Amino acid sequence: MSNYGITLAGMRYDSMLESYVLNSTATRHDLDSVARKYLGEETIHYEDVAGKGVKQLRFDEVSIDQAAPYAAEDADVTLRLHGTLWPQLQSTGRLAEVYETIEQPLLPVLGRMEERGVLVDANLLGELSAEFAEKMAAVEIEAHQVAGHPFNLSSPKQLQEILFEELKLPIIRKTPKGQPSTAEDVLAELAPDYALPQLILDFRSLSKLKSTYTDKLPNQIFAKTGRIHTSYHQAVAATGRLSSSDPNLQNIPIRTQEGRRIRQAFTAPDDFVLLAADYSQIELRIMAHISGDKGLLTAFADDRDIHQATAAEVFDVALDDVTSDLRRSAKAINFGLIYGMSAFGLARQLGISRAQAQDYVNLYFARYPGVKAYMDATRAQAQEKGYVETVFGRRLYLPEINARQAPRRQYAERSAINAPMQGTAADIIKKAMIAVDTWLQEEKVDARLIMQVHDELVLEVRRDQADQVKARIIELMNGAAHLEAPLKVDVGVGNNWDEAH
DNA sequence: CATGTCACG
DNA sequence: ACGTACGTGACATGA
């Protein structure tokens, strides 16, 4: 509508979002699926009237005879769905509040972000593509020499034959289908003893960056605006997070030097800068809040380096005596806790024995008994009620929490541990986005929200207003929730997304 | 379309 | 005995 100069005054209720808040996992949330589940009706599908694939018609090419019943049914079904979904939301805990204070007001914010888009430097990406292509060609020649014959470095099947049949390297792990795995951690383990795995790792890393980012992103610049316009999906992730597609702007590289050069291609127009604001350790702060663990709360109240503080506690050394190795182990433990860790998983992550990993877990829980109590209470609540919830009352149902098959049950248990933290973080940043957008609309300041990456907001700001906007963004993000452990926001400003970090 | 892999938080 | 850290989306291969 906006593309045709039509500004909507506002809206209330959206059957897709109602279905998502009511139960994020039980169904997909497109109109066809929701009508099937809640009304027991099979709707006319878009493909029925427009066809599918390359021959699919635009809706303006569909005859009125066909279009009218389809469109009328959409309106009818939507209204009737609201009639059944809204009362259920109102009678289920705080779900109506989640809908009204988070999801519905977020919708136009996301609309404006998608419409605005982000400026990307196609020339820089082109240069990177050429550079990556050269490096890949060199690696490929060397790999073919080591293998003794040419092969497709991008084919896991061919690679697996060469590594494990021809060269007889040890099989470290198998894929779910029983094939010898050639995944990154496997190749990294083989790399010290054999030449080919490192070459494959180098090739894969370059190939990923080139095919997914430097080759593709320039093609996704929309000619009319000169910008990239992603789609944010508000009813996909079970935990309440957003997702992004076409293109996905929530997985732009950052971890390697070459990856960061891709971020440099995300820029601001003349006289503008990019401002990146991210929540520091938000999930651990939420864990401290929900568990009420004294030690964890104190660490955050004192604004300590949380991984260093954890290391000092678990390994019983003074803060100043925490080595980088101890800190790395503590960091793995902290992440593991957020993910519903098993000793096995921690052992694999740290490359230590399972018994050693179990010792670490036991030590952690002895030092942070509140966290242990929280983990137990969460599992118990999930088993009794069949769901867990975020600080703001968003629910995640876990139908397999009492499954007889252990793998399914354990998977549900890990989700039960993780979902309240990941989901609360999602709630908080959504509230922050609404607050920031409201301020930007009122204040008429020359700045706009551009991207969201789970714990980070990216804005485009007129250069001379950067300081003022930065200060206000920090206030608004910190004010999105009041937890026992204070929120913390780090902000960077720069000419591109890399510089803003 | 399934599979394996890998980019991000 | 079994498979194992949470949540996503995109790509190339190969059937």
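Before reading on, note that the structure itself is shown above.
What comes next is a walk through the structure. (Residues numbered from 1 in each chain as written. Chains lettered and ligands numbered in written order. Predicted model: local features only at pLDDT ≥ 70, side-chain atom pairs only at ≥ 80, totals over all residues. Heavy atoms only, no water.)

### Let's talk about helix α19 (residues 466-478)
Okay, so step 1: In this model, α19 (13 residues) spans 18 Å end to end at C-alpha, consistent with the 18 Å of a helix rising 1.5 Å per residue.
Okay, so step 2: Listed in full, the buried residues belonging to α19 are Ala466, Val469, Ile473, Leu476 and Met477. The buried residues of α19 all sit within an arc of 95° when viewed along its axis, so they share a single face.
Okay, so step 3: Buried residues in α19 make contact with β7 (272-279), α18 (406-443), β10 (447-452), β11 (456-462) and β12 (489-494). (Helix = DSSP H or I, 4+ residues; strand = E, 2+ residues; numbered from the N terminus. Expected span 1.5 Å × (residues − 1). Buried < 20%, exposed > 50% of the residue type's maximum accessible area, 1.4 Å probe, protein only. Arc of directions from axis to C-beta. Contact = heavy atoms within 4.5 Å.)

### Quick look at the pairing of β11
Okay, so step 1: For β11, the tally of buried residues reaches six of seven residues, placing the bulk of the element in the interior.
Okay, so step 2: Inspection of the sheet shows β10 paired to β11 by five bridges, in the antiparallel sense. Opposite Met451, over in β11, you have Val458 as the bridge partner.
Okay, so step 3: Adjacent in sequence and paired antiparallel, β10 and β11 are bridged by three residues, among which His454 carries a positive phi angle near 70°. (Pairing = 2+ DSSP bridges.)

### Some details on helix α7 (residues 156-166)
Okay, so step 1: For α7, the set of buried residues is Leu159, Gln160, Ile162, Leu163 and Phe164. Relative to the axis of α7, the buried residues are bounded by an arc of 165° and lie together on one face.
Okay, so step 2: Next to the buried residues of α7 lie α6 (122-147), α8 (184-190) and α9 (196-214).
Okay, so step 3: One or two residues past the end of α7 sits Lys168, with phi positive at roughly 55°.

### Overview of the sheet that holds β7
Okay, so step 1: Here four strands make up an open sheet; going across it, the order is β10-β11-β7-β12 and the pairing antiparallel. Strand pairing shows two members of the sheet lacking a second neighbour, β10 and β12, which therefore form its edges. In this sheet, adjacent strand axes meet at a mean angle of 25° when their direction is disregarded. (Axes fitted to C-alpha atoms, helices over the stretch in contact; angles between N-to-C directions.)

### As for the side chain of Gln104
Okay, so step 1: With respect to the secondary-structure elements, Gln104 resides in helix α5 (residues 95-116).
Okay, so step 2: By relative accessible area, Gln104 is classed as buried at 14%.
Okay, so step 3: Contacts of Gln104, omitting those with residues within four sequence positions, involve Met11, Arg12, Tyr13 and Tyr99.

### Structural notes on the packing of helix α11 (residues 282-291) against helix α12 (residues 294-301)
For any two helices packed against each other, one specifies the crossing angle of their axes together with the interaxial distance.
Okay, so step 1: Viewed as axis vectors pointing N to C, α11 and α12 meet at an angle of 130°, and their least axial separation amounts to 8 Å. On the basis of their axis angle, the class for α11 and α12 is oblique. Note that α11 runs across α12; the crossing there is left-handed. Facing α11, whose interface residues are Leu284, Arg285, Met287, Ala288 and His289, α12 presents Leu296, Leu297 and Phe300. (Parallel < 35°, antiparallel > 145°, perpendicular 65-115°, else oblique. Left-handed = near helix turned anticlockwise from the far one by under 90°.)

### Describing the protein's contact with DNA strand C
Okay, so step 1: The local shell around DNA strand C holds 35 residues, among which Ser155, Ser243, Gln410, Tyr411 and Arg414 are the closest.
Okay, so step 2: A breakdown of the atoms of DNA strand C within 4 Å of the protein gives sugar and phosphate a share of 62%.
Okay, so step 3: Interatomic distance of 2.3 Å between a side-chain N/O atom of Gln410 and a base nitrogen of DNA strand C.
Okay, so step 4: Of all the secondary-structure elements, those providing two or more residues to the surface near DNA strand C are α7, α9, β5 (243-245), α14 (324-338), α15 (343-350) and α18.
Okay, so step 5: A per-element tally of the surface near DNA strand C places α18 first, with six residues.
Okay, so step 6: The residue inventory of the surface near DNA strand C, partitioned by class, reads nine nonpolar, 18 polar and eight charged. (Near = heavy atom within 4 Å. Polar contact = N/O pair within 3.5 Å; in protein donor to acceptor, adjacent residues only side chain to side chain. Nonpolar A, V, L, I, M, F, W, Y, C, P; charged D, E, K, R; others polar.)

### A short note on the protein's contact with DNA strand B
Okay, so step 1: Neighbouring residues of DNA strand B: 21 residues in total, closest Thr182, Glu184, Lys208, Ile254 and Asp455.
Okay, so step 2: Put simply, 80% of the atoms of DNA strand B that lie within 4 Å of the protein are in sugar or phosphate.
Okay, so step 3: Here Arg241 contributes a side-chain N or O atom positioned 3.1 Å from a base nitrogen of DNA strand B.
Okay, so step 4: Asn251 has a polar side-chain atom sitting 3.0 Å from a base nitrogen of DNA strand B.
Okay, so step 5: For the surface near DNA strand B, the element with the highest residue contribution is α9, accounting for three residues.
Okay, so step 6: Residues belonging to the surface near DNA strand B are distributed by class as follows: seven nonpolar, seven polar and seven charged.

### Focus on the layout of surface pockets
Okay, so step 1: Considering only enclosed or pocket space, the largest pocket measures out at about 1800 Å³ in volume.
Okay, so step 2: Forming the boundary of the largest pocket are 43 residues, of which Ile252, Ile254, Arg255, Arg263 and Phe335 lie nearest the centre.
Okay, so step 3: Of the residues forming the lining of the largest pocket, the biggest block, eight residues, is contributed by α9.
Okay, so step 4: The residue inventory of the lining of the largest pocket, partitioned by class, reads 16 nonpolar, 13 polar and 14 charged.
Okay, so step 5: Size it by volume and the second largest pocket reaches roughly 530 Å³.
Okay, so step 6: If you trace the second largest pocket, you find 15 residues lining it, with Ser2, Leu8, Pro108, Gly111 and Arg112 closest to the centre.
Okay, so step 7: For the lining of the second largest pocket, the class distribution of residues is six nonpolar, six polar and three charged. (1 Å grid on protein atoms, 1.4 Å probe; cavity = no way out; pocket = protein on both sides within 12 Å on 5 of 7 lines; lining within 4 Å. Points joined across faces, edges and corners; volume = space filled by probe spheres on them.)

### Observations regarding the packing of helix α13 (residues 306-314) against α14
Okay, so step 1: Following both chains from N to C, one finds α13 and α14 inclined at 100°, their axes separated by 8 Å at the closest point. With respect to their mutual orientation, α13 and α14 come out roughly perpendicular. Along the contact surface, α13 presents Ile306, His307, Gln308, Thr310 and Ala311, while α14 presents Leu326, Arg327, Ala330, Lys331 and Asn334.

### Quick look at the nonpolar core
Okay, so step 1: Ranked by size, the top nonpolar core spans 119 residues in total, and within it Tyr279, Tyr364 and Ile428 carry the most contacts.
Okay, so step 2: For this core, the leading source of residues is α18, giving 11 residues.
Okay, so step 3: Residues Leu22, Val34, Leu81 and Val98 belong to the second largest nonpolar core, which totals 16 residues. (Core = buried A, V, L, I, M, F, W, Y, C linked by side-chain atoms within 4.5 Å.)

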